[in-house]
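# Breakdown of the fold
Here is what each chain is made of, one letter per residue.
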Amino acid sequence: MDFGGFGNPFLYWTLKSLLLIILFYVGYQISFKDKEGVNYWRNCAIAIVAYSLEIGLRWNRSYDYPHYYQDLTGRLYTDYSDILYLWWIDIFKASSLPFWVAFIFYSFILIFGFCLVMKHYRQYAYLALPLLMLIPGEMVENHIRQFFAFAFILIGYYYLLEKKYSYNILFFLIAIGIHNGIAFAAVFIYFVEFTRFDNKFLSKPLLLICGYLAFYFIWETANLDGFAQWIGERLQSSDDINTSRYLDNVDYWLTDESNITEKLENVYGVKGGGKVKLYYIVMQQGFICGILYFGQKLASISPKFRLPLWVYVFTVFMNIFGSNNEIFSRFNSMIYVFYAFLIPGIMSDVEMKPIVKKLCWLLLFYFFIYSGFIRQFFVLKWTGYQYIWDM
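Residue numbers restart at each chain and count upward from 1, following the sequence in its written direction. This being a predicted model, a pLDDT of at least 70 is required before a residue's local features are given, and a value of 80 or more before pairs of side-chain atoms are given or counted; all residues contribute to the totals for chains, interfaces and linings. To obtain the side-chain values, all non-hydrogen atoms of the structure were included, while hydrogens and water were left out.

## Details of the overall build of the chain
For clarity, the cut-off: Counting from the N terminus, the helices are DSSP H or I runs at least four residues long and the strands are E runs at least two residues long. Only protein chains enter the accessibility calculation, which uses a 1.4 Å probe; a residue whose area is less than 20% of its type maximum is buried, one above 50% is exposed, and one in between is partly exposed. Every residue pair with non-hydrogen atoms within 4.5 Å of one another is taken to be in contact. Accessible surface area values rest on a Shrake-Rupley calculation with a 1.4 Å probe, where residue burial reflects the displayed protein chains alone.
What the chain contains, in helices and strands, is 21 helices and zero strands. When each of the 391 residues of the chain is scored for burial, the buried share is 50%. Across the chain, contacts joining residues at least 24 apart in sequence account for 77% of those joining residues at least 6 apart. Carbon and sulfur atoms make up 64% of the accessible area of the chain, which amounts to about 19,200 Å² in all.

Shown next, in the form of structure tokens:
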């Protein structure tokens, strides 16, 4: 069947579904069949290979893919200032390997870093591995260099948990050398891990929820107009062409003009001015507040969940602060990965009334399985469905 160079959607969704099943299976094996972790890496290898190949063998999907394809096969897309990324490109070109090997490696290093950290969360793998695919979703395929750098943040975080600080610093520096914007993630991790700023917050979960809801109803993205002008005036002298590209459009990236939802509505031809049904908003905000509430309870009894909790807090506030703006979206998309540890921890370790737990499972299924996956079967993907054999 000819799909006009758009790729085969049936094959695409078959492979995506197969990958999700594999991740569920491997996670179940790790959590319930290999509780001592004797065969941890043997089990992880199945997920690593499947994820690396399915994600890595895509072709020309997403806005950023052509840029990084160009980096690997021809002239650099832009004048990068990230020295380790430039070294990586030079080394890869010298190897004469086909470009798709690099994309497989990008996917491999991400799930490998995730599995390293997951060693400290083995009992939650049954849900953590599928959520690695479901939560960042297609952002992994688009924000390629950001996730390449973030993979080394994950590796560095593993060594931080292991208290091997020299390796931790090394991998954090590698991440920054690949994408200097990732430096904030490293600073954020150190701040959370080496301070106890949240002692009072963890004992008063309703305080944070009230602050979130107040911010949600009061804040308007238009408030960023002045901030956008301030950045533009002070940073327009940047020599980094890639940075300058954002700064030249700072009003777009930081104000209501850059509402991604509106752009996608135009692509898909959605009518109705982008109005969201009330029941969806109630479900969404209830879900977020539930994670804030139970996440704080979880972090108070198990400190290893402090970082996933505060990543969640940071991103939900940033999602309000920046609406759907590009800069905030790109940064948040990487650290969403930590949700994959927080949510299974809540569902497994926090005491809830049976009816509340059933409701939480229902919302998880709705947002991540139905809305984030099954429902997408019936939405035309403007990025296409191509793999490298469709070139």
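## What to know about the packing of helix α2 (residues 40–56) against helix α5 (residues 99–118)
Quick reminder of the rule: Axes here refer to lines fitted to C-alpha atoms; in helices the fit is confined to the stretch in contact. Angles between the N-to-C directions go from 0 to 180 degrees. By the definition used in this description, the sense in which the near helix is turned from the far one sets the handedness, with an anticlockwise turn below a right angle giving left-handed and a clockwise turn giving right-handed. In this classification, the charged set is Asp, Glu, Lys and Arg, the nonpolar set is Ala, Val, Leu, Ile, Met, Phe, Trp, Tyr, Cys and Pro, and all remaining amino acids, among them Gly, are polar.
Contact pair α2 / α5: the axes reach a minimum separation of 8 Å and the direction vectors enclose 145°. With respect to the hand of their crossing, α2 and α5 are arranged in right-handed fashion. Of the residues in α5, those in contact with Y40, W41, C44, A47, I48, Y51, S52, L53, I55 and G56 of α2 are W100, F103, I104, S107, F108, L110, I111, F112, C115, L116 and M118. Among the residues making up the contact of α2 with α5, the classes are represented as 18 nonpolar, three polar and no charged.

## Here's the deal with the packing of helix α8 (residues 144–161) against helix α10 (residues 183–194)
Note the threshold: Put simply, angles under 35 degrees are roughly parallel, angles over 145 are roughly antiparallel, angles from 65 to 115 are roughly perpendicular, and the rest are oblique.
At a closest axis distance of 11 Å, the pairing of α8 and α10 adopts a crossing angle of 20°. With respect to α10, the axis of α8 lies roughly parallel. For the crossing formed where α8 meets α10, the hand is right-handed. Contact residues: α8 offers I153, Y157 and L160, while α10 offers A186, I189, Y190, E193 and F194.

## Brief notes about unusual backbone geometry
Unusually for a residue other than glycine, N60 sits at a positive phi of about 55°. Looking at the secondary structure, you find N60 in the loop between α2 and α3 (65–73). A positive phi is found at K163, a non-glycine position, where the angle reads about 60°. Note on placement: K163 falls in the loop between α8 and α9 (165–178). Residue K163 is classed as exposed on the basis of its relative accessible area of 60%.

## Quick look at helix α4 (residues 83–95)
Applied cut-off: A helix is expected to reach a length of 1.5 Å times the quantity of its residues less one. Our arc is simply the arc of the directions from the helix axis toward the C-beta atoms.
Taking 1.5 Å per residue as the helical rise, α4 with its 13 residues ought to reach 18 Å, and the 19 Å between its terminal C-alpha atoms agrees with that figure. All of the buried residues along α4 are Y85, L86, W88, I89 and F92. One side of α4 holds all its buried residues, which, seen down the axis, span an arc of 160°. Seen from the open side of α4, the exposed residues pointing more than 90 degrees away from its buried face are W87, D90, I91 and A94. S96 occupies a position one or two residues after α4 and carries a positive phi of about 65°.

## With respect to the nonpolar core
Counted only if it meets this: Residues enter a nonpolar core if they are buried and are Ala, Val, Leu, Ile, Met, Phe, Trp, Tyr or Cys, with the set joined through side-chain atoms within 4.5 Å.
With 125 residues, the main nonpolar core has F114, M118, F150 and I343 as its most contacted residues. Ranked by the residues each element gives to this core, the list is headed by α8, at 14 residues. Once you skip the residues sitting within four places of it in the chain, F150 turns out to touch L110, I182, M334, I335, V337 and F338.

## Some details on the pattern of salt bridges
It is possible for side chains bearing opposite charge to pair when their charged atoms get close. Heads up, the condition is: For this document, the term salt bridge refers to a Lys or Arg side-chain nitrogen within 4 Å of an Asp or Glu carboxyl oxygen.
By the definition in use, this model includes six salt bridges. The partner of K16 in a salt bridge is E141, with the nearest N and O atoms 2.8 Å apart. Taken together, the positions of K16 in helix α1 (residues 9–33) and E141 in helix α7 (residues 139–142) put the pair 125 residues apart, joining distant regions of the chain. Given the relative accessible area of 3%, E141 is considered buried. Among the salt bridges present, the one from R61 reaches E141, with a minimum N-O distance of 3.0 Å. Here R61 is found in the loop between α2 and α3, whereas its partner E141 is found in helix α7, with 80 residues between them in sequence.

## Notes on the state of the cysteines
How we decide: Defined by distance alone, a disulfide is two cysteine sulfur atoms within 2.5 Å.
On inspection of all chains with the given rule, the structure shows zero disulfides. Free of any disulfide, C115 has its nearest neighbouring cysteine sulfur in C44, separated by 3.8 Å. Given the relative accessible area of 0%, C115 is considered buried. Looking at the unpaired C289, the closest cysteine sulfur is the one in C210, lying at 8.8 Å. Under the relative-accessibility criterion, C289 is labelled buried at 13%.

## Description of a nonpolar patch on the surface
To keep it simple, the criterion reads: Two joining distances apply to patches: 9 Å for like charges and 5 Å for nonpolar side chains (Val, Leu, Ile, Met, Phe, Trp, Tyr), and every residue must have over 30% relative accessible area and no salt bridge.
Residues F365, Y370, I374, F377 and F378 make up a contiguous nonpolar surface patch of about 500 Å² in total accessible area. Counting through the fold element by element, F365 comes out in helix α21 (residues 354–371). Judged by relative accessible area, F365 falls into the partly exposed class, the value being 44%.

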